[in-house]
Amino acid sequence: MGKSKRKVPGINASSTADISFILLIFFLVVTSMNSNFGLPVMLPNPPEEKDLQDPPELHERNIMKVYVNMDNEIMVTPGKEAPERYKVEDLSQLRELAKEFIVANTPAGSMNDKYPEAKNKLDTVSYVNEAGVEFFYPAPHSNIVQNNKHVITLQTDRATKYEVYFKVQEALYGAYNDLRAEFAKDVYGDKVLTEDEQELCRRRFVNMISEAQPIEIGKRK
Amino acid sequence: MPELNTSSLPDLIFSILFFFMIVTSMREQEVKVQVELPRGTELTKLERKSAITNIYIGTPMNNKESQEAGIQLNDRQLSRREVNNLKAYIVEEKERLGNKAAKMKVALKIDNNIDMGLLSDVKMQLRKAYALQIVYSANEEKANR
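Conventions used here
Counting restarts for each chain: residues are numbered from 1 in the order of the written sequence. Think of it this way: whatever chain is written first is A, whatever ligand is written first is 1, and the rest follow in order. Totals for whole chains, interfaces and linings use all residues, but because this is a predicted model, local features are given only for residues with pLDDT of at least 70 and pairs of side-chain atoms are given and counted only at 80 or more. Strands here are runs of E lasting at least two residues and helices are runs of H or I lasting at least four, both read from the DSSP assignment and numbered beginning at the N terminus. Two residues qualify as being in contact provided that their C-beta atoms, derived from the backbone, are within 7 Å of each other. Counting other C-beta atoms within 10 Å of a residue's own tells you its class, since 20 or more makes it buried, 12 or fewer makes it exposed, and anything in between is partly exposed; those C-beta atoms are placed from the backbone. Interaxial angle, 0 to 180 degrees, is taken between N-to-C directions of lines fitted to C-alpha atoms, where a helix line uses only the stretch in contact. Angle categories are assigned with fixed cut-offs, so that under 35 degrees is roughly parallel, over 145 is roughly antiparallel, 65 to 115 is roughly perpendicular, and the rest are oblique. Take the far helix as the reference: if the near one is turned anticlockwise from it by less than a right angle, the crossing is left-handed, and if turned clockwise, right-handed. Just so you know the grouping, Ala, Val, Leu, Ile, Met, Phe, Trp, Tyr, Cys and Pro go in nonpolar, Asp, Glu, Lys and Arg go in charged, and all remaining residues, Gly too, go in polar. Between any two strands, pairing holds if DSSP finds at least two bridges. The term nonpolar core refers to a set of buried Ala, Val, Leu, Ile, Met, Phe, Trp, Tyr and Cys residues connected through C-beta atoms within 7 Å. In predicted models, pLDDT denotes the confidence assigned by the predictor to each residue on a 0 to 100 scale. In this description, one arc is meant: the one made by directions from the helix axis to the C-beta atoms.

A. Region of the structure containing the overall build of chain B. Along the backbone of chain B there are three helices and nine strands. In sequence order, chain B lays out its α and β elements as α-β-β-β-β-β-β-α-β-α-β-β. Once local pairs closer than 6 in sequence are excluded, the contacts in chain B between residues at least 24 apart make up 74%.

Right, dumping it as structure tokens:
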């Protein structure tokens, strides 16, 4: 009857694994990896500090203007010799128009072989036009931009809904992405691209979306 | 037949559990404005979570009757009229980031129904605070092609 003889019964721990499995699954479900997705945009420096640069000289046919008014209607002036403004009913149409415009204004071979090895990101600068409206524009000092003589300007009203603005931005981004994808397919076929090859596709069609400060046309009652 | 010794299995699972608890982030801040993000297909994934500052613009939850939009940066809330105070907060946030300040990205989580006027005011504040890298946050939508 000595104490040493009494055996402590072991706790059956075989279910601990199940319990911790349940905890694990609970955490997997509850915590979100919360991956952030979005459209990256670069803003210019504040207006009072801008070094007054001349706005890039572009021919009317190299500018595609997109307006969104206070009723969220989209108007486009595709850069043609005879510019005319017309209303775009849906975003896929805008996307196609943008693609057409970009292709027409990005000559083939403009930067296929000699692209700068530095992966500098595009800065954005701002300037003010005759009407006193401020524009954002990819910085003209970089040689990437100088090879791309076109721009897509986007202007909204102060009363435009953000959703529409976002969708328009996205359609324009999408146009560039589509063209890059097509270019990649032409050049590399179906293989998975290396980072350098991706960069080359990106430089083939450089994003030239300029943004104007929203204007206030009228107050809605 | 010798039985497989499973006594270390719980420890194993626990360590996986701890790993997940550390790696995944709980929502650090309480969101006080209601935001319905736009959906998009052409989105880029954001890396470097630590250098990302979130700004929410939407309807304040505590005051639903007023339709006035509210802005939230961390735990600070601003109304539309106080948008000019935003710059100071962003500068503060930038200082808090220390040597990561140059890589600071601002994720704008904006409700679909916000008007561009407010967004442009916010962007002006961001520019004045030299927080120039911004991202329009959105939910991913599967492209149907």
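B. Spatial organisation of the overall build of chain A. The secondary structure content of chain A amounts to five helices and eight strands. Going residue by residue from the N terminus, the α and β elements of chain A occur as α-β-β-β-β-α-β-β-α-β-α-α-β. For chain A, the proportion of its 221 residues judged to be buried stands at 29%.

C. Layout of the packing of helix H4 (residues 162-188) of chain A against helix H5 (residues 195-204) of chain A. Residue and element names in this part refer to chain A. Following both chains from N to C, one finds H4 and H5 inclined at 125 degrees, their axes separated by 9 Å at the closest point. By the angle between their directions, the pair H4 and H5 is classed as oblique. In the packing of H4 onto H5, the handedness of the crossing is right-handed. Together, Arg 180, Phe 183, Ala 184 and Tyr 188 of H4 and Glu 197, Cys 201, Arg 202 and Arg 204 of H5 make up the contact between the two elements.

D. Seen up close, the interface of chain B and chain A. The partner chain A presents 42 residues to the 44 residues of chain B that form the contact. Broken down by class, the residue content of the side of chain B that touches chain A amounts to 24 nonpolar, 13 polar and seven charged. In this structure, strand S1 (residues 37-42) of chain A lies alongside strand S3 (residues 44-45) of chain B, joined through two bridges in antiparallel fashion. Residue Phe37(A) lies in a different strand from S3(B), and its bridge partner there is Lys45(B).

E. Just the packing of helix H2 (residues 91-105) of chain A against H4(A), in detail. Residues and elements named next belong to chain A. For the pair H2 and H4, the least separation of the axes is 8 Å and the interaxial angle reads 45 degrees. Comparing their axes, H4 and H2 come out oblique. In terms of crossing hand, the pair formed by H2 and H4 is right-handed. On H4, the residues touching Leu 91, Leu 94, Arg 95, Ala 98, Lys 99, Ile 102 and Val 103 of H2 are Lys 167, Val 168, Ala 171, Leu 172, Gly 174, Ala 175, Tyr 176, Asp 178 and Leu 179. Residues belonging to the contact of H2 with H4 are distributed by class as follows: 11 nonpolar, one polar and four charged.

F. Structural view of the nonpolar core. Among the nonpolar cores identified, the biggest contains 60 residues, and Ala98(A), Val168(A), Ile57(B) and Leu108(B) are the most heavily contacted of them. Ranked by residues supplied to this core, first place goes to H4(A) with 10 residues. Discounting chain neighbours no more than four positions away, the residues touching Leu108(B) are Ile55(B), Ile57(B), Ile134(B), Val135(B), Tyr136(B) and Ser137(B).

G. Structural view of the pairing of strand S8 (residues 209-212) of chain A. All names here are of chain A. Burial of the side chains of S8 extends over both faces: Ile 209 and Glu 211 are buried on one face and Ser 210 and Ala 212 on the other. In this structure, strand S7 (residues 151-156) lies alongside S8, joined through three bridges in parallel fashion. Note that in S8 the partner of Ile 152 across the bridge is Ile 209.

H. Looking closely at the environment of Asp111(B). All names here are of chain B. In this fold, Asp 111 is placed in the loop between strand S7 (105-110) and helix H3 (116-128). Overall, Asp 111 belongs to the buried group, with 20 C-beta atoms counted inside 10 Å. A sequence separation of 27 residues divides Asp 111 from Ala 138, and the C-alpha atoms of the two residues are 9.7 Å apart. The residues touching Asp 111, leaving out its near neighbours within four places in the chain, are Val 35, Glu 36, Ile 57, Gly 58 and Thr 59.

I. Summary view of the confidence of the model for chain A. On average, residues of chain A score 73 in pLDDT, and 67% of them reach the 70 mark or higher. Put simply, helix H3 (residues 143-146) of chain A is where chain A has its lowest mean pLDDT, 51, and H4(A) is where it has its highest, 87.

J. Structural detail: H5(A). Residues and elements named next belong to chain A. What H5 keeps buried is the set Leu 200, Cys 201 and Arg 204. The buried residues of H5 occupy one face: seen down the axis, they fall within an arc of 100 degrees. Contact partners of the buried residues in H5: H4.

K. Quick look at the environment of Ala131(B). Residue and element names in this part refer to chain B. For Ala 131, the location among the structural elements is in the loop between H3 and strand S8 (133-137). For the pair Ala 131 and Ile 57, spaced 74 residues apart in sequence, the C-alpha to C-alpha distance is 17 Å. Ignoring any residue separated from it by four or fewer positions in sequence, one finds Ala 131 in contact with Ile 90, Lys 94, Met 104, Val 106 and Leu 126.

L. Seen up close, the confidence of the model for chain B. When pLDDT is averaged across chain B, the result is 81; 89% of the residues are at 70 or more. Predicted complex metrics record ipTM = 0.78 and pTM = 0.75.

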